[in-house]
Amino acid sequence: MQQDSANRKEDSNVAMSDCEGQTMDDSASAASSMEVTDRIASLEQRVQMQEDEIQLLKSALADVVRRLNLSEEQHTVGTRKGPTKARPMIATLPLRPTVNNGTVLPKKGTLPSPSGSGSRKDASMPTNKSLSCLSGSTRLLYFPLSTVRRANSNEHVGTLTRKDSGDSKSNRTRAGSTGSNSSGKRTSESKQKDPVFNAEEGYVKMYLKGRPITMYMPKDLVDSYCLEAKADLPHKKLKLDWVYGYRGRDCRSNLYLLPTGETVYFIASVVVLYNVDEQLQRHYTGHTDDIKCLAVHPDKITIATGQVAGTSCDGKQLAPHVRVWDSVSLNTLHVLGTGFFDRALVCLAFSKSNGGNTLCVVDDSNDHVLSVWDWQREDRLAEVKCSNESVFATDFHPTDSNIIVTCGKSHLYFWTLERSTLVKKQGLFEKQEKPKFVLCATFSENGDTITGDSSGNILVWGKGTNRISQAIQGAHEGSVFALCMLRNGTLVSGGKDRKLISWDGAYQQIQMVEVPELFGPIRTIAEGRGESVLIGTTKNFVLQGSLDGEFIPITQGHTDELWGLAIHPVKAQFLTCGHDRQVSLWDSSSHHPLWIKNLEDAAQSAGFHPSGAVVAIGTQTGRWLVLDADSKDLVTVHTDGNEQLSVIHYGPDGNFLAIGSHDNYIYIYAVSESGRKYNRVGKCSGHSSFITHLDWSVDSQYLVSNSGDYEILYWIPSVCKQVVSMETTRDISWSTCTCTLAFQVFGLWPDGSDGTDINAVCRSNDSRLLVTGDDFGKVHLFSYPCSQFRAPSHVYGGHSSHVTNVNFLFDDSFLVSTGGKDMSVMQWRIV
């Protein structure tokens, strides 16, 4: 068989090289002595040969599947030479007549064959069709390669929408869909096939991207099951209880203290109103995608927030807009600019001198349009192209509502509103060296404009002029990111050097304090109560303190894409980890981290030992480590492969650890000494794509796994052997339910789904609820079991990126969800 494979590979290479040779220039063609007709005949012959080779390859691969359990050596050769080396082909070949959890089921009334009867039939039809389509056109040279995608094969998987190395959501929309795009994955697909129930065999077959997935149900359900029965909505609902994190890395002027004592800021698509003294949060959830800017009205009650353009779950574009809302009732008062703004809103501000009746906004279009609005009437008063470079800040003059200042890359502009026109005056740097970026602006009590720039200088611009009246050279080492004028006339500046400096009315330095490196550079400053100051940092901390003393974090979170989530088995704690290499153990009651540890590698997955004594962390490099859950000390570290470890789960009895990798293997370790000693048992090989999810049986004897090409395989992990008998696996009780492909959960898949829309699923500990996190920033709550097609759910927004993980706390009191690129962690109360 190995020799046959080698011959086939050589012939394929010859055929491909012939195809490539035909695209060369005329000199290469002239080297051939054949006439055009002879060449065409030769190519037709090669097409026929390659079609035959494809059939043989399919047959051989099916044979490998059938023999998977004969020997470890054959097993390894079959899977590594087939699926891994030839991933692009496997993604599009109909490998089996029915994808039945890794086994080949012959159709009723036929004898089993290596490739399966259905597969043979599908393979032969396109062959004849492709040969009859041959002509003298040079386009036929590429035809043999394209026929690998069978238009009329019932197992045509347009399929792996993730890159096989599997990386992230940005790579998800791949080969199979012809007109699909990342923002509207479902709109271009043809009508989805409905699931089919086979009462004789006791299975439901559903389709993802045209690929059949067969899921066997427990025997005692076969007689009573009805596919058309309607599922009920869950008896419980979710209420957003706490949002962990803050967006300081790439947003400015987004932190304020309200008279109610609440600190207001945003992350993802949620505005958080956090009362630090009472340890209570309220949330404004009117936005549908990332919030980028925030402004507080002079009345300190009305708030305006601006969001980016988004995409709904059905692929429709959601326009960027500004929402003006009441911070007491959390009711939306007005929505501005739908259809006018482009891409996103980057900064906005209320006027101060006319009762706050006007609002200025800058969008993220190429021209960064500045517009002025009578927000109560939702009427646009004026608009102008501000700059084709980045704009970082805008604000109204405190005593003249017709004067607006904008600053950004290589510019500072003073705008005057005259009737419906905005007239521009450019700030003149004259003898002062012009900075690359003017990063922030505020106003003094006498109406002077004060700016901070990338050269570390603070410049004062005389009231009503566009010239510099005073300069503080080298106020900071590096960029001045933030300026805040306190009520008592003291100016406070913060910069990349992590220093917070106060200046008197003559711009002489009063005090200076340096923020610890852990918290990062200062991004924004807000006045707190009394002498206190609030700081937002680029490492997504919100700090509270004073220039006299130290600063303590009141909010913190992750700074890069977030994937790993693990729930403590007996305490109200959970652990998160992500691509920022940070591992955080959180107390769900106090909402503060118990500890934070930084790793050498980006983290991808996590799982607690059933004792709760240790937690295992999987990284993106194939390395995994075990930490003491109390002290965060390193217990052990191992490496398996060099690809990301997507899932890491201990068995319920704590004696085994299973690690699912993007190299298509599941690595099994024997565990002893309460999770402190590990011995490798082996690896389960049989998947033809990366491992996505794992679940253990209640008795820790079996393992079920899902992969990137929608396979469901079963294993005996203690010996790393695959179980192919459905009679053995269909009645197994599973300790957890995190696999997205299983009979008990298939009702969660929406119409037209491409198989990657659902990133995570979790069953509640009382087995009555099922929750999912999807690619559209939504958390769905279903009843469990969820084994009826198109099951209804309660849907919750808040995340502005793909929801990467969801899990219930050990006592089902709360649910935790993690956002990918929005870097937020949300805690939901079950009500």
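Scoring rules and cut-offs
- Residues numbered from 1 in each chain as written.
- Predicted model: local features only at pLDDT ≥ 70, side-chain atom pairs only at ≥ 80, totals over all residues.
- Heavy atoms only, no water.
- Helix = DSSP H or I, 4+ residues; strand = E, 2+ residues; numbered from the N terminus.
- Buried < 20%, exposed > 50% of the residue type's maximum accessible area, 1.4 Å probe, protein only.
- Contact = heavy atoms within 4.5 Å.
- Areas by Shrake-Rupley, 256 points an atom, 1.4 Å probe, with all protein chains shown as cover.
- Phe/Tyr/Trp six-rings, centres within 6.5 Å; stacked < 30°, edge-to-face > 60°.
- Lys NZ or Arg CZ within 6 Å of the ring centre and 35° of its normal.
- Polar contact = N/O pair within 3.5 Å; in protein donor to acceptor, adjacent residues only side chain to side chain.
- Pairing = 2+ DSSP bridges.
- Axes fitted to C-alpha atoms, helices over the stretch in contact; angles between N-to-C directions.
- Core = buried A, V, L, I, M, F, W, Y, C linked by side-chain atoms within 4.5 Å.
- Salt bridge = Lys/Arg side-chain N within 4 Å of Asp/Glu carboxyl O.

Caption draft 1: Highlighting the overall build of the protein chain. Looking only at helices and strands, the protein chain has 9 helices and 57 strands in total. Each of the 831 residues in the protein chain was classed as buried or not, and the buried ones make up 58%. Summarising the internal contacts of the protein chain: among those between residues at least 6 apart in sequence, 50% fall at separations of at least 24. When the accessible surface of the protein chain is split by element, carbon and sulfur atoms take 48% of a total near 33500 Å².

Caption draft 2: Quick look at the packing of aromatic side chains. Counted according to the given criterion, the structure contains 26 aromatic pairs. Ring centres of Phe197 and Tyr225 lie 5.0 Å apart, and the angle between their planes is 75°; on these two criteria the pair is classed as edge-to-face. Here the residue Phe197 occupies a position in strand β1 (residues 196-198), and Tyr225 occupies one in the loop between α8 (219-222) and β4 (238-244), the gap between them amounting to 28 residues. A ring pair is formed by Trp624 and Tyr669, whose centres lie 4.9 Å apart and whose planes are at 75°; its orientation type is edge-to-face. Of this pair, Trp624 sits in strand β41 (residues 623-628) while Tyr669 is found in strand β45 (residues 665-672), placing the two residues 45 residues apart along the sequence. Looking at Trp624, the relative accessible area reads 0%, which means it is buried. For Tyr669, a relative accessible area of 4% gives the class buried. Just above the ring of Tyr413 sits the side chain of Lys424; from NZ or CZ to the centre is 4.3 Å.

Caption draft 3: Seen up close, unusual backbone geometry. Geometrically, the link from Tyr784 to Pro785 is a cis peptide bond, its omega value of 0° lying close to zero. Looking at where Pro785 falls in the secondary structure, it is placed in the loop between β53 (779-783) and β54 (794-796). With a phi close to 60°, Glu378 is a non-glycine residue in the positive phi region. Locating Glu378 in the fold gives a position in the loop between β17 (369-374) and β18 (379-385). Overall, the relative accessible area of 40% leaves Glu378 in the partly exposed class. Here Cys720, not a glycine, exhibits a phi torsion of approximately 55°, which is positive. By secondary structure assignment, the location of Cys720 is in the loop between β49 (712-716) and β50 (721-723).

Caption draft 4: Quick peek at the side chain of Asp812. Relative to the assigned elements, Asp812 resides in the loop between β55 (803-808) and β56 (814-819). Within the structure, Asp812 has its side chain in polar contact with the backbone nitrogen of Asp766 (distance 3.0 Å). Leaving out residues up to four positions away in the same chain, Asp812 has contacts with Ser764, Asn765, Asp766 and Ile830.

Caption draft 5: Quick peek at the sheet that holds strand β23 (residues 438-443). Reading across the sheet, the 4 strands line up as β23-β24-β25-β26 and stay open at both edges, with antiparallel pairing between neighbours. Either end of the sheet is taken by a strand with one partner, and the two such strands are β23 and β26 (468-472). Averaged over neighbouring strand pairs, the angle between their axes works out to 20° when direction is ignored. As defined by bridge partners, strand β24 (residues 449-453) adjoins strand β25 (residues 458-461) across 4 bridges and the pair is classed as antiparallel. By the bridge assignment for β25, Gly452 is matched with Ile458.

Caption draft 6: Representation of the nonpolar core. Within the largest apolar cluster, 41 residues are counted, with the highest numbers of intra-cluster contacts made by Leu238, Phe574, Val771, Val779, Phe808, Leu815 and Trp828. If one sorts the elements of this core by residue count, β4 sits on top with 5 residues. In this structure, Trp828 is in contact with Leu238, Lys239, Leu240, Asp241, Val779, Tyr796, Gly797, Ser813, Phe814, Leu815 and Ser817, ignoring residues within four places of it in sequence.

Caption draft 7: Geometry of the pairing of strand β9 (residues 291-296). For β9, a buried count of 6 out of 6 residues is recorded, marking the element as mostly surrounded by other parts of the structure. Summarising the sheet, β9 and strand β10 (residues 302-307) pair through 5 bridges and their orientation is antiparallel. Note on β10: the bridge partner recorded for Leu294 is Thr305. Linking β9 to β10, which pair antiparallel, is a turn of 5 residues; within it Lys300 sits at a positive phi near 60°.

Caption draft 8: Fine view of the pairing of β18. The pairing of β17 with β18 spans 6 bridges and is antiparallel. Across the sheet, residue Val372 finds its bridge partner in β18, namely Ala382. Two successive antiparallel strands, β17 and β18, enclose a turn made up of 4 residues, where Glu378 displays a positive phi of approximately 60°.

Caption draft 9: Layout of the sheet that holds strand β35 (residues 562-567). Here 4 strands make up an open sheet; going across it, the order is β35-β36-β37-β38 and the pairing antiparallel. Each end of this open sheet is capped by a strand with a single partner; those strands are β35 and β38 (593-598). With strand direction ignored, the average angle separating the axes of adjacent strands in the sheet is 15°. The sheet contact formed by β35 and strand β36 (residues 573-578) spans 5 bridges and is antiparallel. If you follow Ile567 over to β36, its bridge partner there is Phe574.

Caption draft 10: Quick look at the pattern of salt bridges. What the rule picks out here adds up to 24 salt bridges. One salt bridge in this structure joins Asp751 and Arg790, with 2.8 Å as the shortest N-O distance. In this pair, Asp751 sits in the loop between α9 (726-729) and β51 (758-763) while Arg790 sits in the loop between β53 and β54, placing the two residues 39 residues apart along the sequence. One network of salt bridges, in which partners are shared, links Asp194, Asp751 and Arg790.

Caption draft 11: Just the environment of Ile522, in detail. Residue placement: Ile522 occurs in strand β31 (residues 522-527). Spatially, the C-alpha atoms of Ile522 and Phe481 are 6.7 Å apart, while their sequence positions differ by 41 residues. Dropping the residues within four chain positions of it, Ile522 is found in contact with Phe481, Gly494, Gly495, Arg498, Lys499, Leu500, Val515, Ile535, Gly536 and Thr537.

Caption draft 12: Main features of the environment of Ala482. By secondary structure assignment, the location of Ala482 is in strand β27 (residues 480-485). The residues contacting Ala482, other than those within four sequence positions of it, are Cys440, Val492, Ser493, Gly494, Arg523, Thr524 and Ile525.

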